[in-house]
Amino acid sequence: MLFFDAHLDLAWNGIDWNRDLKLEVEAIRQRELDLGIQGKGRAANTVSYPALRRGGVGLGVATLLARLHRADQKPGFQSKGFNRYEDMAGAHGCARGHLAYYEALQEEGVLRLITHKAALKELATAWQGGQALPGTPLGYILSMEGADPIVHPRQVEAWWNWGLRVVGPAHYGISTYAHGTATPGGLMPLGPDLLREMRRVGMILDVTHLADQAFDEAMEIFDGPVLASHHNCRALVPDQRQLTDDQILRLIRRGAVIGAAFDAWMLIPNWVRGQSTVEQTGVALRHVADHIDHICQLAGNCNHVGLGTDLDGGFGTEQGPGDIDTIADLPKLITILRDRGYSQADIEAIAHGNWIRYYEEYLPDA
Ligand SMILES: [Zn+2]
């Protein structure tokens, strides 16, 4: 089965976490053990290029992730030293570095940037069924998680020309353009200009991480294509990080696809980061299936949900589904959905079809 993963922070792992993702997952873990690198998610990663290939994850969206450090952001997020910058020039430079990382891997034949419809079609065909000929690169669409690296709305066009196709204005806390996760509030003064410029050049809006008020305002101002790259259901896990049923229905009416996220605290209620354990809570892929099913029930079909695993988003096996050792375990989800009565066509739509259809519609022709 071909999988399309709509949210991976590959460059952040490659640069900020200094991981050689061309190694097997086990080898990266061993390397971090050998070097004595400690911290959350260390020696517990689940993503690498060989694992993606083995799991059939031939297509996906890779992020540029570099953000401002904000004195007024939620305490606890300030302690992470990496990828938080004192000014936008710093965030910009880091994100350009992430871009250069992807370009270097393209030179090596590991990745290939997808910027338009034909490139997507070509790689989707090459990866049909989840297996490609040796040497076929993994295809990725470029997105930005938190728009702090865009130093001014006028710079959106330059980013478009560098290959960026999706922008999520916010991340955790308050950013330049919008209130994000764990902060109540709307767009910041430059937010509307950013959205208008995104619309003008053809950029897709990712609503993931927008605070509720910012979500409302962005959906009002931005009349172009929207998606939610890595986002679960608040009806199942009550926290502002998740989408309400009303938000899900509004996204569905706009033709959006929502990517199910695999981070434990977004999968089950009452997960306490740093305290809860996979063993004690039993968090597993069946909980991912619960969120997928909730969106399908609201939609009345299987056309608006896909995967946005976020499996390399700052956590590892200590905070993910217990039945995922590496991302190559994704096919286990197929069995769970089949046991719940999902047809082969529905499962294919969720695994890759919905995202491919969405991007075939909204990527530019050339
Ligand atoms: Zn995220």
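For the structure, check the block above.
Notes on the structure in this doc start here. What you see is a predicted model, and the numbers here were worked out from it, not measured in a lab. (Residues numbered from 1 in each chain as written. Predicted model: local features only at pLDDT ≥ 70, side-chain atom pairs only at ≥ 80, totals over all residues. Heavy atoms only, no water.)

On to unusual backbone geometry. Here alanine 43, not a glycine, exhibits a phi torsion of approximately 55 degrees, which is positive. Its place among the elements puts alanine 43 in the loop between α2 (25-34) and α3 (49-55). (Helix = DSSP H or I, 4+ residues; strand = E, 2+ residues; numbered from the N terminus.)

Within the protein, the atoms that donate to the zinc ion are Glu145 (OE), His209 (NE2) and His230 (NE2), at distances of 2.0 to 2.3 Å. Taken in sequence order, the residues that donate to the zinc ion follow the motif E-x63-H-x20-H. Taken together, the residues span a long stretch of sequence, with glutamate 145 in strand β6 (residues 138-145) and histidine 209 in the loop between β8 (204-206) and α8 (212-221) at a distance of 64 residues. Among the residues examined, histidine 209 registers a relative accessible area of 3% and is labelled buried. (Donors = N, O, S within 2.8 Å, 3.2 Å for Na, K, Ca; no water. Buried < 20%, exposed > 50% of the residue type's maximum accessible area, 1.4 Å probe, protein only.)

A few words on the pairing of β6. For β6, the tally of buried residues reaches eight of eight residues, placing the bulk of the element in the interior. A two-sided burial pattern is seen for β6, the buried positions comprising Leu138, Tyr140, Leu142 and Met144 on one face and Gly139, Ile141, Ser143 and Glu145 on the other. The β-α-β motif built from strand β5 (residues 111-113), the intervening helix α5 (residues 117-126) and the parallel element β6 has right-handed crossover chirality. Strand direction decides the pairing type here: β6 and strand β7 (residues 164-168), joined by four bridges, are parallel. Within β7, the residue paired with methionine 144 across the bridge is valine 167. The β-α-β motif built from β6, the intervening helix α6 (residues 156-161) and the parallel element β7 has right-handed crossover chirality. (Right-handed = clockwise from strand over helix to strand, strands pointing away. Pairing = 2+ DSSP bridges.)

Counting buried positions along β7 gives five out of five residues, so the element sits mostly inside the fold. In the classification by handedness, the crossover that spans β7, the intervening helix α7 (residues 191-201) and the parallel β8 is right-handed.

Right, let's get into empty space enclosed by the protein. Per the stated rule, a full pass over the model turns up four cavities of 30 Å³ or more. Contributing to the lining of the largest cavity are 14 residues, with Leu8, Leu10, Leu59, Gly60 and Gly139 lying nearest its centre. Of all the secondary-structure elements, those providing two or more residues to the lining of the largest cavity are β1 (4-8), β2 (59-64) and β6. With four residues, the single largest contributor to the lining of the largest cavity is β2. Taken together, the residues of the lining of the largest cavity break down into 10 nonpolar, three polar and one charged. (1 Å grid on protein atoms, 1.4 Å probe; cavity = no way out; pocket = protein on both sides within 12 Å on 5 of 7 lines; lining within 4 Å. Points joined across faces, edges and corners; volume = space filled by probe spheres on them. Nonpolar A, V, L, I, M, F, W, Y, C, P; charged D, E, K, R; others polar.)

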